[in-house]
Amino acid sequence: MTESIQPKHFQTLVVGAGPAGIAAATSAAEAGSRVGLLDDNPDLGGQIWRTQLGKSGPDVSHGGGAEHWRNRLLASSVTRLQGWSVFDHPEPQTLRAERHEAAADFSYDQLILATGARERFLPFPGWTLPNVMGVGAIQAMVKGGLPVRGKRIVIAGSGPLLLAVAATLQTAGAVVVCIAEQASLASLAPFALSLITDPAKILQGLRYKAATIDVPFHTSSWPLEARGTDRVTSVLLSLQGRTEEIRCDYLACAFHLVPNTELPALLGCRIEHGVAAQAAVVIDELQRTSAPNIFCAGEPTGIGGLELSLLEGEIAGLAAGGQSDKARRLLPKRKSMSRFAARLAKAFTLRSELKTLPTDATIVCRCEDVTFGRLRSHPSWRAAKLHTRCGMGPCQGRVCGAATSFLLGWNADSVRPPMFPALISSLTSTEKSTAPPNSD
Amino acid sequence: MPEPIQPEPTPPNPIRITIDHHPLTVEAGSTVAVAIAIAGLPCRTSVTGEPRGPLCAMGICFECRATVNGVAHRRTCQLLCEPGMEIFTQ
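Residues numbered from 1 in each chain as written. Chains lettered and ligands numbered in written order. Predicted model: local features only at pLDDT ≥ 70, side-chain atom pairs only at ≥ 80, totals over all residues.

Asks: An account of the overall build of chain B is requested, with residue identities and associated values reported.
Replies: For chain B, the count of helices and strands is one helix and seven strands. Listed N to C, the secondary structure of chain B is β-β-α-β-β-β-β-β in terms of helices and strands. Computed over C-alpha atoms, the radius of gyration of chain B comes to 12 Å, within 12% of the 12 Å expected from 2.2 N^0.38 for 90 residues, which places it in the range of a compact globule. C-alpha extents for chain B along the principal axes are approximately 35 × 25 × 25 Å. Within chain B, the proportion of its 90 residues that are buried is 50%. For chain B, contacts bridging at least 24 residues in sequence account for 34% of all contacts bridging at least 6. (Helix = DSSP H or I, 4+ residues; strand = E, 2+ residues; numbered from the N terminus. Rg over C-alpha atoms; globule rule 2.2 N^0.38 Å. Buried ≥ 20, exposed ≤ 12 C-beta atoms within 10 Å, placed from the backbone. Contact = placed C-beta atoms within 7 Å.)

Asks: So what's going on with the sheet that holds strand S7 (residues 86-88) of chain B? Which residues, and what values?
Replies: All names here are of chain B. Pairing in this open sheet of five strands is mixed, and the strands run S2-S1-S7-S5-S6 from one edge to the other. Of all strands in the sheet, those with a lone pairing partner are strand S2 (22-27) and strand S6 (71-75), marking the two edges. Taking the axes of each pair of neighbouring strands and ignoring which way they run, one obtains an average angle of 40° across the sheet. As paired elements, strand S1 (residues 14-19) and S2 share six bridges and run antiparallel to each other. Across the sheet, the residue bridging to threonine 18 is proline 23, located in S2. (Pairing = 2+ DSSP bridges. Axes fitted to C-alpha atoms, helices over the stretch in contact; angles between N-to-C directions.)

Asks: Describe the nonpolar core, and please don't skip the residues or the numbers.
Replies: Membership of the largest hydrophobic core comes to 166 residues, with the highest contact counts inside it found for A:Ile153, A:Ile155, A:Leu251, B:Ala35 and B:Ile36. For this core, the element with the most residues is helix H8 (residues 306-320) of chain A, which contributes nine residues. What B:Ile36 contacts, discounting residues up to four positions off in sequence, is B:Ile19, B:Leu41, B:Cys43, B:Ala66, B:Thr76, B:Ile87 and B:Thr89. (Core = buried A, V, L, I, M, F, W, Y, C linked by C-beta atoms within 7 Å.)

Asks: Explain the pairing of strand S2 (residues 35-39) of chain A residue by residue, including any values.
Replies: Residue and element names in this part refer to chain A. Burial analysis of S2 places five of its five residues in the buried class, the great majority of the element. Both faces of S2 are covered, namely the face carrying Val35, Leu37 and Asp39 and the face carrying Gly36 and Leu38. Looking at chain direction, strand S1 (residues 9-15) and S2 are connected through four bridges and run parallel. Counterpart to threonine 12 in the pairing with S2 is valine 35. Strand direction decides the pairing type here: S2 and strand S3 (residues 79-82), joined by four bridges, are parallel. Note that in S3 the partner of aspartate 39 across the bridge is glutamine 82. For the segment spanning S2, helix H2 (residues 66-75) and S3, crossover handedness is right-handed. (Right-handed = clockwise from strand over helix to strand, strands pointing away.)

Asks: Requested: an account of helix H4 (residues 160-171) of chain A, with residues and values cited.
Replies: Residues and elements named next belong to chain A. Compared with an ideal rise of 1.5 Å per residue, which puts 12 residues at 16 Å, H4 spans 18 Å between its outermost C-alpha atoms and is within 8% of the ideal. For H4, the buried fraction is high: 10 of the 12 residues fall into the buried class. Of the residues making up H4, those classed as buried are Pro160, Leu161, Leu162, Leu163, Ala164, Val165, Ala166, Ala167, Thr168 and Leu169. At the exit of H4 stands glycine 173, carrying a positive phi of roughly 95°. (Expected span 1.5 Å × (residues − 1).)

Asks: With reference to specific residues and values, describe the sheet that holds strand S12 (residues 221-228) of chain A.
Replies: All names here are of chain A. Strand order in the open sheet made by the three strands is S12-S13-S14, with antiparallel pairing throughout. Each having just a single partner strand, S12 and strand S14 (242-247) make up the two edges of the open sheet. With strand direction ignored, the average angle separating the axes of adjacent strands in the sheet is 25°.

Asks: I'd like a description of the packing of helix H1 (residues 19-30) of chain A against H8(A), backed by residues and values.
Replies: Packed helices, taken two at a time, are described by the angle their axes make and the gap between the axes. Residue and element names in this part refer to chain A. In the contact formed by H1 and H8, the axes pass within 7 Å of each other and the chain directions differ by 30°. Between H1 and H8, the angle is such that the two are roughly parallel. Seen from above, H1 lies across H8 with right-handed handedness. Taken together, the residues of H8 that come into contact with H1 (itself represented by Pro19, Ala20, Gly21, Ile22, Ala23, Ala24, Ala25, Thr26, Ser27 and Ala28) are Leu306, Ser309, Leu310, Glu312, Gly313, Glu314, Ala316, Gly317, Leu318 and Ala320. For the contact of H1 with H8, a count of residues per class yields 12 nonpolar, six polar and two charged. (Parallel < 35°, antiparallel > 145°, perpendicular 65-115°, else oblique. Left-handed = near helix turned anticlockwise from the far one by under 90°. Nonpolar A, V, L, I, M, F, W, Y, C, P; charged D, E, K, R; others polar.)

Asks: Could you give an account of the interface of chain B and chain A, naming the residues involved and the relevant values?
Replies: Contacts between the two partners involve 31 residues from chain B and, on the opposite side, 33 residues from chain A. Looking at the side of chain B that touches chain A residue by residue, the class counts come to 17 nonpolar, nine polar and five charged.

Asks: An account of unusual backbone geometry is requested, with residue identities and associated values reported.
Replies: Backbone geometry at A:Gln287 places phi at a positive 70°, although glycine is not the residue there. If you trace the backbone, A:Gln287 turns up in the loop between strand S18 (279-281) and strand S19 (294-296).

Asks: Could you give me a rundown of the environment of B:Ala28, with the residues and numbers involved?
Replies: Residues and elements named next belong to chain B. Topologically, alanine 28 is positioned in the loop between S2 and helix H1 (32-38). We classify alanine 28 as partly exposed; it has 16 C-beta atoms within 10 Å. Taking the C-alpha atoms as reference, alanine 28 lies 7.4 Å from glutamate 82; in sequence the two are 54 residues apart. With residues near it in sequence (within four places) discarded, alanine 28 still touches Asn13 and Ile15.

Rendered as structure tokens:
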């Protein structure tokens, strides 16, 4: 893919090239703004529209008009900047990012943050074994070329993604042994069109493009322990009250999503704890955050799914491009989608039994190998950080922060630059604008 | 020369890399994390000695970090294989 890196100043800079970022960048450019789209993945699409290796174009299995939006973006004047990880803001209206071994500054008049979401991981015995990974994670690995034909995969955790990914894995030739969803039948019932036990029908009810899935779907079920020595070989599941050990090559497990609010927080955007105590960026009706000239769209404003992310992206892009009237015409649609998202969040609320999964010996902070036993004697995230180094490794609490928030009610706050471990050369670069190398 | 690791049939657009000195052929466009998985290796060893592989596969968790072309701690899930790439697990 060809990219242009000049100019490095943009009227509108968008961070994140998933659905919300693509919609925002395209809408702003179509409104006449000079737009840069900065993203840390090798290619467009974020997580959900990530292109499968060997295929051209985005993953259309999740719907949302993936091809339509990609084509519209490619036809627009947006400058695409793939592979850049933002790690600092050295001065107002400027972000510093790293790509391979080079750092560069990108300045803007207006910024749209579309940083997406990540999976929520909860610790249980054995969850650090290789081949235990997230649900979106195994999908990303398969899209990145991982052969899973004939592999036995158990999917566990919570959220619509479990069903969607089961379909992808089956298409790739994997044996999806079963899906264990922690939510109860009763909480999912409002979303089922007819047969609650038919995964395809539930997907439809969740407003996912229905897929063909032929997998046992267990509600009120969750993993108790992953077993194996150098990698997972079986998982002990609690299946509606009974315990069963199931042999597997992979355990894909994640408990719905958490918004990526680190960059918004670093830039001073107000964050509030809303639905299910989930931290989300506070926005007004035109997606403006509390920080001047900064908009936010998609999952960071609260987990709402693909369609809502696209709509929020459009609203932010139009507003940033000076077409607020046009943006306001989309508000009624957003209101109805937000209501749906709130119902969805409630349906997948985590049950308290999951808090009892880690034992004292279970590692919670995977960067520093801090166990649950060492953590739970501390009164707060900050105290635990100081005494155990929990959250001070390279992921900077992105994994264990969400886990301890659920397990212990802690609030993993305080974002400091660098947001990611950057190369020393990037950090010490005193040149205001290091010229990035010509991209491929 | 160490033995090549080649569990799969040769892919349609093969590129050659090495992982811990072992030659491996992968499909062009594969991520480095996937190449390490195909080789059957963990990406890194944790501070208490546990083998670890990718958890998030989207650049957040840093469990997939490895040394690529002499640069340590690369997030291999975000990195595509390139011909001749030298990868070392950590």
